[in-house]
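Structural characterization, general
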Protein chains: 2
Amino acid sequence: MSQNPQFSGLLTDLYELTMAAGYRKAGFDARATFELFVRGLPPRRNYLVAAGLAQAIEYLERVHFSADEIEYLRRHPVFAGIGEDFFDFLAHFKFTGDIWAVPEGTVTFPDEPIVRVTGPIAEAQIVETYLLSAIHFQTLIASKAARVVTAARGRRVVEFGTRRAHGPEAGVLAARAAFIGGCSGTSNVAAGHRFGIPVFGTQAHSWIMAFEDEKEAFRRFLDIFPKNAVLLLDTYDVRAAVETILAMGRKPRGVRLDSGDVAEASVWIRRRLDEAGWNDVEIFASGDLDEDRIEAMLAAGARIDSFGVGTALTTSSDAPSLSVIYKLVEVETGGTVRNAAKFSAAKVTYPGKKQIFRRQDGQGKFTEDIIALEDESVSRAGPLLELVMRAGRSVAPPTDLGTAQQRCLEQVARLPDAVRGLAACPAYPVRHSERLVELLDEVRRRVERAAR
Amino acid sequence: MSQNPQFSGLLTDLYELTMAAGYRKAGFDARATFELFVRGLPPRRNYLVAAGLAQAIEYLERVHFSADEIEYLRRHPVFAGIGEDFFDFLAHFKFTGDIWAVPEGTVTFPDEPIVRVTGPIAEAQIVETYLLSAIHFQTLIASKAARVVTAARGRRVVEFGTRRAHGPEAGVLAARAAFIGGCSGTSNVAAGHRFGIPVFGTQAHSWIMAFEDEKEAFRRFLDIFPKNAVLLLDTYDVRAAVETILAMGRKPRGVRLDSGDVAEASVWIRRRLDEAGWNDVEIFASGDLDEDRIEAMLAAGARIDSFGVGTALTTSSDAPSLSVIYKLVEVETGGTVRNAAKFSAAKVTYPGKKQIFRRQDGQGKFTEDIIALEDESVSRAGPLLELVMRAGRSVAPPTDLGTAQQRCLEQVARLPDAVRGLAACPAYPVRHSERLVELLDEVRRRVERAAR
């Protein structure tokens, strides 16, 4: 329990290891390509913001199996009789493949490969679960954050949701992803330390409740943080709290509302503060906010300078998962390349190594994406996937979070208006190239022949 | 990035540190009690299953601030001028408080303290965020798992959802919580290694797609895992796959269905397997399952032996968060005890150190919970909160996961039938003792007097 398991090869589903053992044992010495993509959008999501690549790459560079972990696997009944080769393989395990990916902060759509992995099939299989998990979660949260930031129309949004994220580490990663999606910062100090994200904070109800009365609690806080005190108004009664602060005559940096009819209260508070000449005292709002509530509050004339958004953002509460998958698209054995596809009743995946090409109009607005084979050239369209890892070594500079956020904000601004909006809209046009459609048919015919 | 940040004191919201600095600076040398509880149930949840305590206790025993982390805080503008005392305090930081908690696997309800923390106020404040995050997430997932296990009516449920959990670490914790909630195991190997949970796995579509044809893929897998092969049927065509396996005449341990009309397919498959005398070949089902789909499949006569439940379980998809909070209930300074409460318009919290008392009828069925002050005695009712940490040291044996699961299953069985069911029902009776109600009034009057 005490060792740091963050780069453990065991962070995977058992079947990945079983299949890896099987490929080894079968002497199936193939080089495989898998693509990681999202199958469809949740209701009311019109686009995705890719994130989590830095954590995926860091894992791929460092993943390994400790002696203790290999001992553990030896004792699992499924590996009884698998032989020493597999355990030797794990003891020396390194990921040696190539990775193509869209940079973090890139706007993407369903079916578009966010990450493409090519490597020895056993390696590419073992890392599947971690890659899905790392890319899925941050993409989920960055995509939600972009909506919340859109709703705030230029006002500051700070991620406040660590306490209800899915565990402490999810809180740190959510802060990172929310920043990529356009948030100004987080309340999570570890995220600030690890990733250089701006960290914000005010005071909790407990500070107010800890002292004899509210006035005493405010006074003490102003004494200690004369320049940074943001006073919480709703422990007992909001208007009384505002009058207490005004009567003290000491200007805080800001005030925070965490419950009640925040829009209405903010209008009254702004007026009272302005009457006192405190035009520069900021009003923060928090408390079960999401993009819909922010939109509604602003539509109702709320006078709010900053929003603290918690649970809805760090859990993507209206859509807490994406249908992300990792599919085999090509197998190369002994110089022969075979394309792979899946076409059970409900679910089709396209074969072949792909690239995303994006078109734009004269104003720079995005108009259409074409998913094509990587060696196709698509007119008037730029490719989105970049080589970020070659033979297990990172070849791209580490993600700069400011750049990733800028990329996200710029790309969101270039989306068609309806796609950028909060309401569900007809899908942004994404199509597969003719060569891809032909290739899918070809694979289907091959598999049908084999089944006869 | 490379150091293990899992016990970092920075895993908190900035305002916790700001308030801690404030309490120190103000010389506010109080001993505070906070209670962690859930404010209300999400729709269609009738009860909660407490989980995550072991991770909370481990953190409390080991939390600290590294020199590098303290250096980071020094550079944050909010701490400019706070003085050396605070940084010294952090450099020597240890949690020295007492913890009362319900054992993991305990069925609980809204307003009932799951964890109660008493300690120096600055310490108890700093650990708030981590405690909320650790207890919240596993309680959320254990509570969801209990529903899924109820729906499966005695069939095995295995947690399969790491890939869409909220990051790799959330996947490991979800597996632990799902086991407490009654799942038989997980696909997550790290969870098996760290927590001793049984680990299960089959094969993925990629195995089938990697080989020339399906028959070759099945044959190879049976060669390598003669006793443990669970063959995946739906890569191309389910019935064709079953006929291929039957024609090979080699009995797998099981078969898995991951898409399509699983209930209908399972009936047909069971008949074909039985006709071949393969009555002991198990049928596994997976693919976007949740408690409702499992209930519907079984109602439709599905012949399924094991369910693999993924995303819906590891994200608690229909309710991805609980309204968990951590509220100050008592402050002791210089020998004086003051009870604390909050009663803004929307949200009331009760003051005082509490205990949960549970009543049962002659058959052992739970009938009513009473939340009372810890020193009250409640007739015909047993207390649920236990002392698990004294002065910063664990005094309870570590959670045994088998025991926790047993506790959960037994307690769920003792719930009133409607409460145990999947449909929303009138709330299980939970009330506050008369003394608590009086104490709340008393605090309210005191605060109102002070505000005049």
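From a predicted model like this one, the values you see are computed outputs, not experimental measurements.

**Examining the overall build of chain A**
Check the secondary structure of chain A and you find 17 helices and 21 strands. Judged by the C-alpha coordinates and their principal axes, chain A covers about 85 × 55 × 40 Å. In chain A, 73% of the contacts between residues at least 6 apart in sequence involve partners at least 24 apart.

**Some remarks on unusual backbone geometry**
All names here are of chain A. Positive phi, normally seen in glycine, also occurs at Arg-44, with a value near 70°. In this fold, Arg-44 is placed in the loop between strand S1 (31–38) and strand S2 (48–49). Assessed through the 15 C-beta atoms surrounding it within 10 Å, Arg-44 is described here as partly exposed. Backbone geometry places Arg-380, a non-glycine residue, at a positive phi of 50°. Tracing the backbone through its elements, the reader meets Arg-380 in the loop between strand S17 (366–373) and strand S18 (382–383).

**Section: helix H1 (residues 14–25) of chain A**
All names here are of chain A. An ideal rise of 1.5 Å per residue puts 16 Å on twelve residues; H1 measures up with 16 Å between its terminal C-alpha atoms. Of all twelve residues making up H1, eleven are buried, and the element is well covered by its neighbours. Those residues of H1 that fall on the buried side of the exposure criterion are Leu-14, Tyr-15, Glu-16, Leu-17, Thr-18, Met-19, Ala-20, Ala-21, Gly-22, Tyr-23 and Arg-24. Where H1 terminates, the next one or two residues include Gly-27, which has phi positive at roughly 65°.

**Some points on the sheet that holds strand S21 (residues 430–432) of chain B**
Residue and element names in this part refer to chain B. With mixed pairing, four strands are arranged side by side in an open sheet as S18-S16-S17-S21. For this open sheet the edge positions go to strand S18 (382–383) and S21, each flanked by a neighbour on one side alone. Sheet topology places strand S16 (residues 354–360) next to S18; two bridges connect them, and they run antiparallel. Pairing of Phe-357 across the sheet is with Pro-383, part of S18.

**Quick notes on the environment of Ser-66 of chain B**
Residue and element names in this part refer to chain B. Mapped onto the elements of the fold, Ser-66 is located in the loop between helix H2 (53–62) and helix H3 (67–74). Accessibility expressed as a C-beta count within 10 Å gives 17 for Ser-66, which makes it partly exposed. Here the alpha-carbon distance between Ser-66 and Glu-374, two residues 308 residues apart in the chain, equals 37 Å.

**Description of the pairing of strand S17 (residues 366–373) of chain B**
Here seven bridges tie S16 of chain B to S17 of chain B, and the two strands are oriented antiparallel to one another. Each residue of the ladder has a partner; that of Phe-357 of chain B, found in S17 of chain B, is Ile-370 of chain B.

**Thoughts on the relation of the copies chain A and chain B**
Overlaying chain A on chain B yields an RMSD of 0.0 Å, the required transformation being a rotation through 180° with an accompanying axial translation of 0.0 Å. Accordingly, the operation relating the two chain copies is best matched by a two-fold axis. Of all interface residues in chain A, 100% are interface residues in chain B too; the two copies therefore contact each other through one and the same surface.

**Overview of helix H13 (residues 291–299) of chain A**
All names here are of chain A. Buried residues of H13: Glu-291, Arg-293, Ile-294 and Met-297, and no others. When H13 is viewed along its axis, its buried side chains cluster within an angular range of 165° and face the same direction. Tucked into the core, H13 has its buried residues touching helix H6 (128–151), helix H12 (262–275) and strand S11 (306–309). After H13 finishes, the residue Gly-301 shows a positive phi value of roughly 85°.

**Some points on the interface of chain A and chain B**
The partner chain B presents 95 residues to the 95 residues of chain A that form the contact. In terms of residue class, the side of chain A that touches chain B is made up of 48 nonpolar, 32 polar and 15 charged.

**Observations regarding the sheet that holds strand S6 (residues 156–159) of chain A**
All names here are of chain A. What the six strands build is an open sheet, ordered S7-S6-S11-S10-S9-S8; its pairing is parallel. Edge positions in the sheet fall to strand S7 (185–186) and strand S8 (230–232), since each of these pairs with one other strand and no more. Sheet topology places strand S9 (residues 254–257) next to strand S10 (residues 282–285); four bridges connect them, and they run parallel. Residue pairing for S10: Arg-256 is matched across the bridge by Phe-284.

**Let's talk about the environment of Phe-307 of chain B**
Residues and elements named next belong to chain B. The topology assignment puts Phe-307 in strand S11 (residues 306–309). Distance in space between the C-alpha atoms of Phe-307 and Ser-286 is 5.9 Å, their sequence separation being 21 residues. Beyond its immediate sequence surroundings of up to four residues, Phe-307 is in contact with Ala-152, Arg-155, Val-157, Ala-285, Leu-289 and Ile-294.

**Considering the pairing of S6 of chain A**
All names here are of chain A. Judged from the four bridges that link them, S6 and S11 form a sheet pairing that is parallel. When the bridges of S11 are listed, Glu-159 appears paired with Val-309. Where S6 meets S7, two bridges bridge the pair, whose relative direction is parallel. From the neighbouring strand, Val-158 faces S7, where its bridge partner is Gly-185. For the crossover that starts at S6, traverses helix H7 (residues 168–180) and ends in the parallel S7, the hand is right-handed.

**Some details on the packing of helix H6 (residues 128–151) of chain B against helix H13 (residues 291–299) of chain B**
Residue and element names in this part refer to chain B. Closest axis-to-axis distance for the H6/H13 pair is 8 Å, and the angle between their directions is 5°. When the axes of H6 and H13 are compared, the pair comes out roughly parallel. On the side of H6, the interface is formed by Arg-147, Val-148 and Ala-151, while H13 contributes Glu-291, Ile-294 and Glu-295.

**Here's the deal with the domain arrangement of chain A**
When the domains of chain A are assigned, the result is domain 1 (14–141 + 319–451) and domain 2 (201–305). The C-alpha centroid of domain 2 of chain A is placed 46 Å from the C-alpha centroid of domain 1 of chain A.

**A closer look at the confidence of the model for chain A**
Mean pLDDT over chain A works out to 95, with 98% of the residues at or above the 70 mark. Interface confidence in the predicted complex, given as ipTM, is 0.97; pTM for the same model is 0.97.

**Some thoughts on the environment of Thr-18 of chain A**
Turning to its location among the elements, Thr-18 of chain A is positioned in helix H1. Considering only alpha carbons, one finds Thr-18 of chain A and Phe-79 of chain A, 61 residues apart in sequence, at a separation of 7.7 Å. With sequence-adjacent residues up to four places away left out, Thr-18 of chain A is seen in contact with Val-78 of chain A together with Gly-201, Gln-203 and Phe-225 of chain B.

Criteria and cut-off values
- Residues numbered from 1 in each chain as written.
- Chains lettered and ligands numbered in written order.
- Predicted model: local features only at pLDDT ≥ 70, side-chain atom pairs only at ≥ 80, totals over all residues.
- Helix = DSSP H or I, 4+ residues; strand = E, 2+ residues; numbered from the N terminus.
- Contact = placed C-beta atoms within 7 Å.
- Buried ≥ 20, exposed ≤ 12 C-beta atoms within 10 Å, placed from the backbone.
- Expected span 1.5 Å × (residues − 1).
- Pairing = 2+ DSSP bridges.
- Least-squares fit on C-alpha atoms with pLDDT ≥ 70 in both.
- Arc of directions from axis to C-beta.
- Nonpolar A, V, L, I, M, F, W, Y, C, P; charged D, E, K, R; others polar.
- Right-handed = clockwise from strand over helix to strand, strands pointing away.
- Axes fitted to C-alpha atoms, helices over the stretch in contact; angles between N-to-C directions.
- Parallel < 35°, antiparallel > 145°, perpendicular 65-115°, else oblique.
- Domains from an automatic or database assignment.
- pLDDT = per-residue confidence, 0-100.

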